[in-house]
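Remarks on the overall topology
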Amino acid sequence: MEMAINNRSISSSFSLINPKTPLLTKQLFGSSLALSSFPNTSKTTPTSSLRCRRSRFSFHSPIKCSVSTETSTTGTKSQLMRRGDVRNIAIVAHVDHGKTTLVDAMLRQSKVFRDNQFVQERIMDSNDIERERGITILSKNTSITYKDTKINIIDTPGHSDFGGEVERILNMVEGVLLVVDSVEGPMPQTRFVLKKALEFGHAVVVVVNKIDRPSARPDFVINSTFELFIELNATDEQCDFQSIYASGIKGKAGLSPDDLSEDLGPLFEAIMRCIPGPRIEKDGALQMLATNIEYDEHKGRIAIGRLHAGVLQKGMDVRVCTSEDSCRFGRISELFVYEKFNRVPATKVEAGDICAVCGIEDIQIGETIADKTFGKPLPSIKVEEPTVKMAFSINTSPFVGREGKYVTSRNLRDRLYRELERNLAMKVEEGETADTFVVSGRGTLHITILIENMRREGYEFMVGPPKVINKKVDDKVLEPYEIATVEVPEEHMGAVVELLGKRRGQMFDMQGVGSEGTTLLKYKIPTRGLLGLRNAILTASRGTAILNTIFDSYGPWAGDIITRDQGSLVAFEDGTSTSYALASSQDRGQMFIAPGAEVYKGQIVGIHQRTGDLSLNVCKKKAATNVRSNKEQTVVLDTPLDYSLDDCIEYILEDELVEVTPSSIRMCKNPKLAKKSR
């Protein structure tokens, strides 16, 4: 990290400090000598403005890469050693900052694919939902070879709702590539993943990606990233990070933004130089922590993790431990390592490498595969608590069983509890009735992805509106608060600020971004205020605003929040909708259905233009009389609103449900909480 401080008086005053004192970068810059307090820093800072040039100060050693605190101490165990031929890294970043695209370029330049082989974009996003939504949901492993060194790479999700995936995989690596957008800089999820990486003591290489964007501002990004390190109480060694400037889509990288090489060579060199090899106990008793679980129809459950100590062999008898007292025995039937883009069978794996293990049918995430005789469990994986819950129940609509394959409460129960085996950040509890289950997750998107997966698997069920999980401390109700950042063009800023204010949001920062006339707003807002906010913000800004959120802390109850001003249009009776009925119904609001759609009593068929619900007969037919005084009139119908699953879950209120089937998504009034319609 370069931090050019061209003030001689400051430089000379630093030289008076005793070199042996631990007052290094963090204490100096975190207290009275804040970065912004240096006079004329912005004017005198060169291109890579924030690099701590240790040679400038008399008490600094020559420049070196960040290492973990664990790395820098020898430790009491003399048998611990470093493997020089392996590097384990995770690529972490905020959503849409280019992690998966950067991995694509790394794989291509490592000759993982043939020259004439067709490779689709974002090759690591193999899941159908990931490709449709353009986001990473599950962390995935791959590996490349660079100068006879194997580099295990783990691509991670950038969305805050899938933070549990990031927390888990950080157990498997020694360093992270922190990818930051060259315009946006550090965003909420950047802070979250960096905080977790620093807590583990991992080495960090900062990659300023998308450097070819016209409004790129690398100086600002590096400065902001350094300030983030300071805020998160990083050690002096961690603050001395290596920064690389890259364009993932072009496959170029360099040590300065103006001088990129033709390939990613500088990035690979930084990984080799700055991220240490795994620290292992080569001759110790076998220890491997199951960090991830996959399922194969032929091989069964596959446990993935890093081997911490000893040697793992195919056909080996092992002990599977959850704690000191709870252990059982098993046998390794098959063993795999990651080579290039595939899992490759192996007969033996040495400590420090990441491998996949088959043969232990009931293995769970967080359990330790240990030596049969001397094995001891490793500390289990802990993830942060969920903040949002939703009620799942069996489908009770008149259309039940028409489209779904699995419709009973037993099917629903089995599927939800099976999800807990690999989704550590999720919780499932029994509901008020035997056919209701309460599912808790990190956010609405976290649970929505589960609903979408279940729908595609043939399940049919109903879900209630998302609710926040409150805490009670000293007889006071505390609710979760989140940090929301909104990028919005200046002309729509007023409408967005008004909307966030109505939802109890408190603005604490506002700044201009780049040269496109965009403003970045930062709010602290109750999680309740975020429910249904995404669509409202898009409407207020004509589709131009970008909303990002991250959990912050629990705080005092903020008071009542009105999330929806309009009521619903509800079907009056069962039947098939007609164009004749819809022509008069659309004067009452916006419709969700087209002519010829089957509806049932209580189904929500549109949005009322006023507050309160209104019952409509959308199945009414024109009277077939013998006398026609006028010719048939042409009916012009508005295009119905096409709401996705996410939109429906954002829309519904306390007394409404979403009916989810493999081929349809409908909304209806909850018959148990039915209010009087107007």
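Refer to the structure presented above.
This is a predicted model, so every value here is computed, not measured. (Residues numbered from 1 in each chain as written. Predicted model: local features only at pLDDT ≥ 70, side-chain atom pairs only at ≥ 80, totals over all residues. Heavy atoms only, no water.)

Below, the discussion takes up the overall build of the chain. Across its full length, the chain holds 18 helices and 38 strands. Burial status across the chain gives 53% buried among its 678 residues. The long-range share in the chain, meaning contacts at least 24 apart out of those at least 6 apart in sequence, stands at 73%. Of the roughly 31,500 Å² of accessible surface on the chain, a fraction of 48% belongs to carbon and sulfur atoms. (Helix = DSSP H or I, 4+ residues; strand = E, 2+ residues; numbered from the N terminus. Buried < 20%, exposed > 50% of the residue type's maximum accessible area, 1.4 Å probe, protein only. Contact = heavy atoms within 4.5 Å. Areas by Shrake-Rupley, 256 points an atom, 1.4 Å probe, with all protein chains shown as cover.)

Right, let's get into the packing of helix α12 (residues 409-419) against helix α13 (residues 444-456). α13 packs onto α12 with a crossing angle of 130° between their chain directions and a minimal axis gap of 12 Å. As judged from the angle between their axes, α12 and α13 are oblique. Once α12 is placed against α13, the crossing between them reads as right-handed. Together, Leu412, Arg415, Leu416 and Glu419 of α12 and Leu450, Asn453 and Met454 of α13 make up the contact between the two elements. Classifying every residue of the contact of α12 with α13 by side-chain character gives four nonpolar, one polar and two charged. (Axes fitted to C-alpha atoms, helices over the stretch in contact; angles between N-to-C directions. Parallel < 35°, antiparallel > 145°, perpendicular 65-115°, else oblique. Left-handed = near helix turned anticlockwise from the far one by under 90°. Nonpolar A, V, L, I, M, F, W, Y, C, P; charged D, E, K, R; others polar.)

A few words now on the packing of aromatic side chains. Summed over the entire model, instances satisfying the criterion amount to nine aromatic pairs. Taken together, a centroid distance of 4.7 Å and an interplanar angle of 35° make the contact between Phe229 and Phe241 tilted. Highlighted residues: Phe229 in helix α9 (residues 218-231) and Phe241 in the loop between α10 (236-239) and β7 (242-247), separated in sequence by twelve residues. The two residues Phe229 and Phe241 agree in class, both being buried. Ring geometry for Phe551 against Tyr554: centres 5.8 Å apart, planes inclined by 65°, an arrangement best described as edge-to-face. Phe551 sits in the partly exposed class, given a relative accessible area of 31%. On the basis of relative accessible area, Tyr554 is assigned to the partly exposed category, the value being 22%. Each residue in the set Phe592, Tyr643 and Tyr651 is aromatic and connected to the rest through ring pairs, giving one cluster. If you follow Arg343 out to its NZ or CZ, it ends over the ring of Phe336, 5.9 Å from the centre. Between the NZ or CZ atom of Lys524 and the centre of the ring of Tyr481, over which it lies, the distance is 5.6 Å. (Phe/Tyr/Trp six-rings, centres within 6.5 Å; stacked < 30°, edge-to-face > 60°. Lys NZ or Arg CZ within 6 Å of the ring centre and 35° of its normal.)

By themselves these figures say nothing about function.
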